[in-house]
Every structure is written in C-alpha cells, then in structure tokens.
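# Secondary and tertiary structure notes
As a plain string of letters, each chain reads:
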Amino acid sequence: MSDALPTAGPLRDRRTILAGPILAGLILAGLAALPLLGAFGADSYVLLLVTRVMIFAIAAISLDLILGYGALVSFGHAAFMGIGAYAVGILATHGIEDLLAQAGVAILVSAGFAALTGAISLRTKGVYFIMITLAFGQMAFFLAVSLAAYGGDDGLTIARRSTVLGAEWLGNATIFYYLVLAVLAATLLACRALVASRFGRVLRGTRENPVRMRSIGFEPFRYQLTAYVISGAICGLSGVLIANQTNFISPAYMAWQRSGELIVMVVLGGMGTLIGPLIGALAYLLIEEWLAGITEHWKMIFGPLLILVVLYARGGLVGAITRITGGRHG
Amino acid sequence: MTLLSVQTLNGLQLGVLLFLVAAGLTLVFGVMDFINLAHGVQFMIGAYLAAMFTALTDNFFLGLGLALPAALTLGLALEWLVFRHLYARDHLDQVLATFGIILFLNQAVKFVWGAAPLSVPVPALLSGSIQLMEGLRYPIYRLAVIGSGIAVALLLSLLVSRTRIGMLVRAGAANAPMVSALGVDIGRLFMLVFGFGAMLAGFAGAMVAPLVSVEPGMGDNLLILTFVVIVIGGIGSVRGAFIAALLVGLVDTLGRAFAPPLLRLFLDASAASQTGRALAPMLIYILMATVLFFRPAGLFPVRR
C-alpha cells in the first residue's frame, strides 16, 4: 500500500502555478464592478450573497495553499474560520470592537493553533494526517460548544459590526463588500507571491517527492509547518469577516461538514491554482443557493453531483476552462 | 462506586458499538486502502431500517432480521455504483465522493422517513433491568447490546484468523497486488469485505435504535469517533480496533461523568464544572493526538 498523498493529479503536469492571471484579473474586476451596476439596492440580496462567496473564497484559497501546493489534506480547516469568528464575538462581548484589534487577535490565535496542531499532525502522513486534522477540528468544535459564557451550543449574536478606528463604516453593506474584496485580492496576491517564491517551490517539491527534497537538503517538515501556519492565519481572517457579515457566531462554523465543504470548494474549482478555490467557492455557493431554491432536499441532488465531479471532472472547473480554451497557462 | 460501575458499563456499551462500526471501516481501509466517510450513514441506515421493519412486523427481532440483509444490499449497491470506481483513486477523491454520499443519504432519510426522530420500543423480552450487585440495577437491553457486540467481535476474530476468507482478507491487507497476482479475484474480495462492513455498521445501528432517537445525521458524530478508534488502533488492524474502541468508549463516558468531580479537587466548584464540561468531550481527541505523537501509525500498526 502506498502512502502517496493526493496530489493535483493531471494538473501537476500542466504547471498551472500561474493558472489564469488573466482569469483572476477578470473575476476581481467583475467583483469590483458588481456594486456599481446599481441594479441592486445597498442592502441587496445579491451583494450579501457575493460577499459571503468572497469570504468563503478566502478560506478556500488558504486551504488550497496547503492542499494544492503541499498535498496536505487538512480536514479540520473550518476550525480556523471558527477561531476567527469567535475572536470577534468574544472580544466584542468584552467591549473590544475595533476590527484591527479583532483581526490581530484572530490571526495570532489561528496561527498559534495551527503551529501547535500542525507540529503534531505533520508527524503523520497520508490518511492519518486527514484523521488527525479532523480530530483537532472536532476539539475546537467541542471547545466552542462548551463556552457557555459565549452562547455554547446556541451561538452568540453580536450587537453590531466591528468598528474601524471608532467609526461604524462596516455597517454599510457596500463598504463591507469592498473591504472583503480587498482582503480577497490581497490574499490572492500574497499567496501567488508565496507559491512563486523559493519557499513555494520547496513546498511544491515536498508535494512531489519529500524523499528527494530531504536528500537535497530541505527538511519538508519546516516548510510544511510554515505553510500550515500561514494557511491557518489567513483562514482565521476569513472567520473575522464571516462573523461580521452574519453578526452571529456559533460552533457550527467549526463543524467537520464545514471543513468538508471547504475541501469541496477547492477541488471543485481546481486545486493548486489559487484562482480555482475562488471559482469553486462561487460555484459551490451559487449551486447551493440555486438548488435550495428548487427543493428543500437539494442535498439529494448536490451529493450525486459531487460524486460525478470527482469521478469524471478531474482538475476541477479551472481544468475544464483550460481544456476548453486550449490554453497552457504558465 | 455504583456510579463508577454503571458508567463503566455504559462505556463498554459505547465501546462495543464503536467496534462494530470500526471493524468494517478498518477492514475496508486495510484491504482496499479506501477511506470511506459514508460508513457513518450506513450505521444510520441500519437504525432506520430496523425502525421501519420493527414498526411493520411489530417484532424487534424480525425487524432486525430483515434490516441486516437490507443493509447488506444497500452496501453492495453503493459499492457497485460508486465505491469500486474509486479504489484506484487517491484518498482525497475518496473523501470527496463519500462526502457526497453522506450529503445524499442524510437528506434521503429525511425525504423518506421525515425529519422528526423515530423511536423504537425496547423488545419486551429484553425490557426491564436486573440487579447486578447491591444497589446497582442495569437495563437488560443494554447488557444484551454489550453481549452481542462482544459475541460479534469473537466471531469476527475467528473469521479473520481461522478461515480461508479471513486469510485472504489478512493477505489483502498486507499486500493486495500480490494476492491478486496469486489468482484471487480481488474485486470479489473487496466487494465481500465491503458488504460485510456495511452490514456490521447496520447491525450496530439496529442494535442502538431502541436506545437513542433515530434521526438524520445520527451517523455523523459516530463516524468521527470511529475514525478516532481506527487511528488509535492502527488502520487495518481488527484487534487494534477492538482495544481502541473499548478505550475510547470508556475514556469518553468516564471522562464526561468524572472530569468535573475530579477537577473539583483542584479548582473551585464552578470553575471545575466549567472546565470539566469543556475538557470531557475533548479527552478522546487528546488521547488520539497523544497516541499519534508517540506512535504515528497507531497502537497496532499493520506491517506492510
């Protein structure tokens, strides 16, 4: 039996590190133009939905950093999103409503949790890694459930959105939309710079062949752990945003099904491409929204759809786009 | 002392239950290198089938007898439809596709049986409780669950260690391509192991149906516990699964019952109950992390 970790499959050969910088630009420009179309009121449903899509895209991109580029299948990534959300909720309860302070704490705690759990998880390989990250995710989940002072099982409503330097700008849906867009764009750029750097090349090397990396003098563990911590920190930041959007936190953010959904977004879009998770998050949430409008039993359609995607659409949506356009990006 | 005995029995009961589900999972993983998230929903289906057939026949044992072949059939159908196309894929694909099955089946039971929990009456033959010792009465049905779980465990270990099929399963777990090269139809072996695992999970579900409320998603949390069990035990090892299942069952049950009072020795009452409630559900995950830290392949790693 091989311990071969899932890798990007066919994408591996195509070197899609820079997959679709044009595509990324187009999508970001489209997202930036959306509120300007004016067809939607300031508080419109579409704006809220797209904001949610972008927040999940940030989380999915952070997961792609380790899943797509490091072949580390983290099945507990939702925990980081939950940590970010709880940082907002807990600090707000104690009167600290400044976004920067909340984001700072969220990033620090997520990174700390990632460093601690990553150091243990990365001792294992393959399916054990999947299981142990799942277990740590569940630990965070049960910890949140036990926080009776902060709503326990039922969750906690946050009175208002975070403030920026004392001002309540984020209450405005359009401003919040652009804040999320800015974080998304920054995440994409930072992750692209990261995977294109020497660090990123070493990380991809550990994905392809850890033994060879070790023999040429790179200890995979250090690079994988660093990537895991960065990924966790970014995902924590997405949690700050989701708590602000919904004004509500609950352990459900950390449920293992949520971690599964994040993996689905990454793979559906195309892992190891960075733009893939964005497309995947968009597709996942729009399909969910659309099917849920048709029937309350939408999961009976979505489940088989997911199986078909896994069986027949390798490389995800980005893979399909590259095939259709015949382009060889990068 | 009485409380300790009762909780130990409850822990044993959870343990054998976990073993019934984990045995199939660990065999499927060991022999086919296949990670099956949908094993938890097979447990749920077992409970639903038992509930349905019990209601139809008005007899729990008849219901159980009908639920088992039905669970087996469903397992084989899933294997034929989905799983066999995934054996050659990597773990990530397997995780995703079986996640899709969970989404589908959790919703499908809501569609078929409704979202409201079903309840199954404890069979009259096994109702009531008996006196185990001074001041300790324990429900007969729960004892029956423990007994049947241990019986199945013994049967399974005989099956795996003493029969030809068991020999092939062990050989398959050690080196599947070699077994295939020796002329064994590995596809049939996979299907057999898979169907058997699904039936064991279904059996576990049917057995607990009278003790819990049968509801959509009931398999999800159990699935995670089962993963903890097979990882602690060492993936592919039935013996490891048995020991780890009892360990996890006992640690979880006793932890929930005794963490707050034990902490009271060190902390004041409210802090103790607070920390205890937070700590207790996390204990098994801490146990798992500790085991994996020292033995990254579990307590009984299968040699490959």
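Predicted model, so just to flag it, every value in this text is computed and none were measured.

Turning our eyes to something else, we now look at the confidence of the model for chain A. Low pLDDT means the predicted atomic positions in that stretch should not be read closely. Residues and elements named next belong to chain A. When pLDDT is averaged along chain A, the result is 85; 90% of the residues meet or exceed 70. Averaged pLDDT values over the elements of chain A bottom out at 44 in helix α1 (residues 11-14) and peak at 95 in helix α10 (residues 220-246). Ignoring residues within four places in sequence, the model shows residues 1-19, a span with pLDDT below 50, making 49 contacts including any to other chains.

All right, on to the pattern of salt bridges then. Residues and elements named next belong to chain A. Following the criterion strictly, the structure yields seven salt bridges over all chains and no others. Residues R160 and E97 are paired through a salt bridge, measuring 2.3 Å at the closest nitrogen-oxygen approach. With R160 in the loop between β1 (156-157) and α7 (173-196) and E97 in the loop between α4 (78-93) and α5 (99-121), the pair connects residues that are 63 residues apart, well separated along the chain.

This part takes up the pairing of strand β1 (residues 129-133) of chain B. Residues and elements named next belong to chain B. Relative to strand β2 (residues 136-139), β1 runs antiparallel, the two sharing four bridges. Paired with I130 across the bridge in β2 is Y138. Two successive antiparallel strands, β1 and β2, enclose a turn made up of two residues, where G135 displays a positive phi of approximately 75°.

This brings us to the interface of chain A and chain B. Listed per partner, the contact involves 44 residues of chain A and 50 residues of chain B. Across the chain A/chain B interface, buried area totals approximately 4,500 Å², and carbon plus sulfur atoms make up 78% of it. At the junction of chain A and chain B, the tally comes to seven residue pairs in polar contact (both at pLDDT 80 or more). Residue contributions to the side of chain A that touches chain B peak at 13 residues, all from helix α6 (residues 126-146) of chain A.

Ranked by internal contacts, the top residues of the largest apolar core, which has 207 residues, are A:L184, A:I263, B:M32, B:F227, B:Y285 and B:M288. Here this core gets 16 residues from one element, more than from any other, and that element is helix α3 (residues 45-70) of chain A. Every residue in contact with B:M32, bar those within four places of it in the chain, is listed here: B:L27, B:Y87, B:F190, B:V193 and B:F194.

This paragraph deals with the side chain of A:T206. Residues and elements named next belong to chain A. Of note, T206 is situated in helix α8 (residues 198-208). Residue class for T206 comes out buried when judged on its relative accessible area of 3%. One polar contact links the side chain of T206 to the main-chain carbonyl oxygen of L203, over a distance of 2.5 Å. Those residues in contact with T206, other than ones at most four positions away along the chain, are M213, P220 and Q224.

Conventions used here
Residues numbered from 1 in each chain as written. Chains lettered and ligands numbered in written order. Predicted model: local features only at pLDDT ≥ 70, side-chain atom pairs only at ≥ 80, totals over all residues. Heavy atoms only, no water. pLDDT = per-residue confidence, 0-100. Helix = DSSP H or I, 4+ residues; strand = E, 2+ residues; numbered from the N terminus. Contact = heavy atoms within 4.5 Å. Salt bridge = Lys/Arg side-chain N within 4 Å of Asp/Glu carboxyl O. Pairing = 2+ DSSP bridges. Buried area = accessible area lost by both parts, 1.4 Å probe. Polar contact = N/O pair within 3.5 Å; in protein donor to acceptor, adjacent residues only side chain to side chain. Core = buried A, V, L, I, M, F, W, Y, C linked by side-chain atoms within 4.5 Å. Buried < 20%, exposed > 50% of the residue type's maximum accessible area, 1.4 Å probe, protein only.

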